[in-house]
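# Coordinate analysis (summary)
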Amino acid sequence: MQQDAELLFSAVREAGALALKYFRDGVKSWHKKPNDPVSEADLAVDTLLREKLIGARPGYGWLSEESGFLHADTAAPLWVIDPIDGTRAFIAGKPEFTICVALLRGGTPQLAAVFNPATDEFFSAITGQGALLNGAPIRASGHAALAEARLLASKRTFDHHGWLARMGKADFAYRNSIAYRMALVAAGRFDAAISLAEKSDWDVAAADLLVREAGGRVTDADGRPLVYAGQNHRHPSVVVAGPWLHDELIDLLKTRRDNLGD
């Protein structure tokens, strides 16, 4: 486990340096399909990570947003990668993107790195050993009430569902990368992150471990834990919060009339 962790963290740091060069110098981008942008940096980071991780662990599986699924042995560990989560922010020059890698064993995240090279924030976790930000331990918030909660969520969504009356003086903010939002909750900078938009394994697997190792909770909007199936599995929604606030949020979200992506 420790050798895999060292490999993972080293590869993600190298990938971060590569992404940062594109971020500073400019990047070509296009759409894979409508409303789904990709850049040359996404592909370059994906290639680097695959060379480093599969090159060192050829028996492990691979699942990436950009290069798909490769798995010779379904019992083997699986790398799950989003080369750049928050591509829209990356293309726009906003420092709200992350490089996300998790190592799954038996469908459960065991190692994780979420790196924002533009802000030099390196979030990491090893199962059972807690979560770290730049090497220092982090903990999820102990805030217990919706009123005055610090939320990474769409205020428009809350207004649409008629939830603002229950929120008191809650503060709403946004970051483009869902993994970054989750990591900021793990670090206690925000009390919760809520997305009612569908996500893939590569969007959330690494940050899921970060939050849980920091003492927080990660579920869908119905309170069900996220399940990682190993092949482009989708999650209908993501709710991330400290242990005390999570139940309050799930109780609120169960009243939603429909899903409105954020």
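Here we summarise the structure given alongside this text. (Residues numbered from 1 in each chain as written. Predicted model: local features only at pLDDT ≥ 70, side-chain atom pairs only at ≥ 80, totals over all residues. Heavy atoms only, no water.)

### Thoughts on unusual backbone geometry
A positive phi angle, close to 55 degrees, is found at aspartate 120, a residue other than glycine. Among the structural elements, aspartate 120 can be located in the loop between β7 (108-116) and β8 (121-126). Overall, the relative accessible area of 47% leaves aspartate 120 in the partly exposed class. Phi angles above zero are rare outside glycine, and glutamate 148 is one such case at about 70 degrees. (Helix = DSSP H or I, 4+ residues; strand = E, 2+ residues; numbered from the N terminus. Buried < 20%, exposed > 50% of the residue type's maximum accessible area, 1.4 Å probe, protein only.)

### Here's the deal with the packing of helix α5 (residues 178-186) against helix α6 (residues 201-213)
At their nearest, the axes of α5 and α6 sit 9 Å apart, and the two run at 0 degrees to each other. With respect to each other, α5 and α6 are oriented roughly parallel. Across the interface between the two elements, Ile178, Ala179, Met182, Ala183 and Ala186 from α5 touch Asp203, Val204, Ala207, Asp208, Leu210 and Val211 from α6. Across the contact of α5 with α6, the residue classes break down as 9 nonpolar, no polar and 2 charged. (Axes fitted to C-alpha atoms, helices over the stretch in contact; angles between N-to-C directions. Parallel < 35°, antiparallel > 145°, perpendicular 65-115°, else oblique. Contact = heavy atoms within 4.5 Å. Nonpolar A, V, L, I, M, F, W, Y, C, P; charged D, E, K, R; others polar.)

### A closer look at the packing of helix α1 (residues 2-25) against helix α2 (residues 40-56)
Two elements in contact, α1 and α2, have axes separated by 9 Å at closest approach and are oriented at 160 degrees. For the element pair α1 / α2, the angle class is roughly antiparallel. As α1 runs across α2, the sense of the crossing is right-handed. Of the residues in α2, those in contact with Leu7, Leu8, Ala11, Val12, Glu14, Ala15, Leu18, Ala19 and Tyr22 of α1 are Glu40, Ala41, Ala44, Val45, Leu48, Leu49, Lys52, Leu53 and Ala56. When its residues are assigned to classes, the contact of α1 with α2 shows 15 nonpolar, no polar and 3 charged. (Left-handed = near helix turned anticlockwise from the far one by under 90°.)

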